[in-house]
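Fold and contact review
Below are the chains, spelled out letter by letter.
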Amino acid sequence: YDADTQNHILSVIQGTWYLMIVCGQATHVWVCRTATVSIFEHGIFGNHYTTYGVAIALCLGCFVVYTPGLQTIVGAANPFSLIIFEATLLCAFTLWTYTEGRKWFTRNYRNHWLNKYLAW
């Protein structure tokens, strides 16, 4: 690969990384609302400010990565592949699965020694 191709690949990776961080934080704000109560019991869209904040964050993330004038400033390029979208969903699902599993373990095994590390 020549220098221009390598710079383009780096820009695509930087844009992808930024979008994955934004989507990961959007997932995190919903699944980590309580230490032990499942998201299905607590509710997802009960706090309207959180819902609006996540929507704004996702829109800003897409705006920063996909706007041509800002791409040169932040060093990003269009993440054009469906694999990138699938990887983002996989990261969100992994975070959700881990957090729900941790909460389930904390609720069902209250006196276990791992709860000192799992329940914050």
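Bear in mind that the values here come from a model prediction, so they are computed numbers and not experimental data. (Residues numbered from 1 in each chain as written. Predicted model: local features only at pLDDT ≥ 70, side-chain atom pairs only at ≥ 80, totals over all residues. Heavy atoms only, no water.)

1. Some points on the nonpolar core
By size, the foremost hydrophobic cluster in this structure holds 5 residues: Ala 26, Trp 30, Val 31, Ile 39 and Val 54. Considering every element that reaches this core, the biggest residue donor is helix 1 (residues 3-31), with 3 residues. Not counting residues within four places of it along the chain, the set of residues in contact with Trp 30 comprises Ile 39, Ile 44, Phe 45, Thr 50, Thr 51 and Val 54. (Core = buried A, V, L, I, M, F, W, Y, C linked by side-chain atoms within 4.5 Å. Buried < 20%, exposed > 50% of the residue type's maximum accessible area, 1.4 Å probe, protein only. Helix = DSSP H or I, 4+ residues; strand = E, 2+ residues; numbered from the N terminus. Contact = heavy atoms within 4.5 Å.)

2. Overview of the environment of Leu 82
Following the sequence through the fold, Leu 82 ends up in helix 5 (residues 82-108). With 72 residues separating them in the primary sequence, Leu 82 and Leu 10 have C-alpha atoms 18 Å apart.

3. Thoughts on helix 1
Given a rise of 1.5 Å per residue, 29 residues ought to cover 42 Å, and the 42 Å separating the end C-alpha atoms of helix 1 matches this to within 8%. Among all positions of helix 1, only Ser 11, Val 12, Gly 15, Thr 16, Leu 19, Val 22, Ala 26, Thr 27, Trp 30 and Val 31 are buried. Contacts made by the buried residues of helix 1 are with helix 2 (39-42), helix 3 (48-66) and helix 5. (Expected span 1.5 Å × (residues − 1).)

4. Some remarks on the environment of Gln 71
Its location among the elements puts Gln 71 in helix 4 (residues 68-74). Its relative accessible area of 15% is what places Gln 71 among the buried residues. Between the alpha carbons of Gln 71 and Ala 3 there is a distance of 18 Å; along the sequence they are 68 residues apart. Those residues in contact with Gln 71 that sit more than four places away from it in its chain are Val 64, Val 65, Tyr 66, Ala 76, Ala 77 and Asn 78.

5. A word on the packing of helix 1 against helix 3
Where helix 1 contacts helix 3, the axes come no closer than 9 Å and their chain directions differ by 175°. Here helix 1 is positioned roughly antiparallel relative to helix 3, judged by the angle of their axes. Within the contact between the two elements, helix 1 uses Gly 15, Tyr 18, Leu 19, Val 22, Cys 23, Ala 26, Val 29 and Trp 30 and helix 3 uses Thr 50, Thr 51, Val 54, Ala 57, Leu 58, Gly 61, Cys 62, Val 64, Val 65 and Tyr 66. (Axes fitted to C-alpha atoms, helices over the stretch in contact; angles between N-to-C directions. Parallel < 35°, antiparallel > 145°, perpendicular 65-115°, else oblique.)

6. With respect to the confidence of the model for the protein
Residues of the protein with pLDDT of at least 70 account for 99%, and the chain-wide mean is 86. Here helix 6 (residues 115-118) is the element of the protein with the lowest mean pLDDT, 80, and helix 3 is the one with the highest, 91. (pLDDT = per-residue confidence, 0-100.)

7. Structural notes on the packing of aromatic side chains
Applying the stated rule across the entire model yields 4 aromatic pairs. A ring pair is formed by Trp 104 and Tyr 109, whose centres lie 5.9 Å apart and whose planes are at 80°; its orientation type is edge-to-face. Ring geometry for Phe 105 against Tyr 109: centres 5.1 Å apart, planes inclined by 35°, an arrangement best described as tilted. Cluster of aromatic residues (ring-pair linked, three or more members): Phe 40, Phe 93 and Trp 96. (Phe/Tyr/Trp six-rings, centres within 6.5 Å; stacked < 30°, edge-to-face > 60°.)

8. As for helix 5
Each α-helix turn comprises 3.6 residues. Residues three or four places apart therefore point the same way. Between its first and last C-alpha, helix 5 extends 39 Å over 27 residues, near the 39 Å set by a 1.5 Å rise per residue. Along helix 5, the residues classified as buried are Ile 84, Thr 88, Ala 92, Thr 99, Glu 100, Arg 102, Lys 103, Phe 105 and Thr 106. Close packing links the buried residues of helix 5 with helix 1, helix 2 and helix 6.

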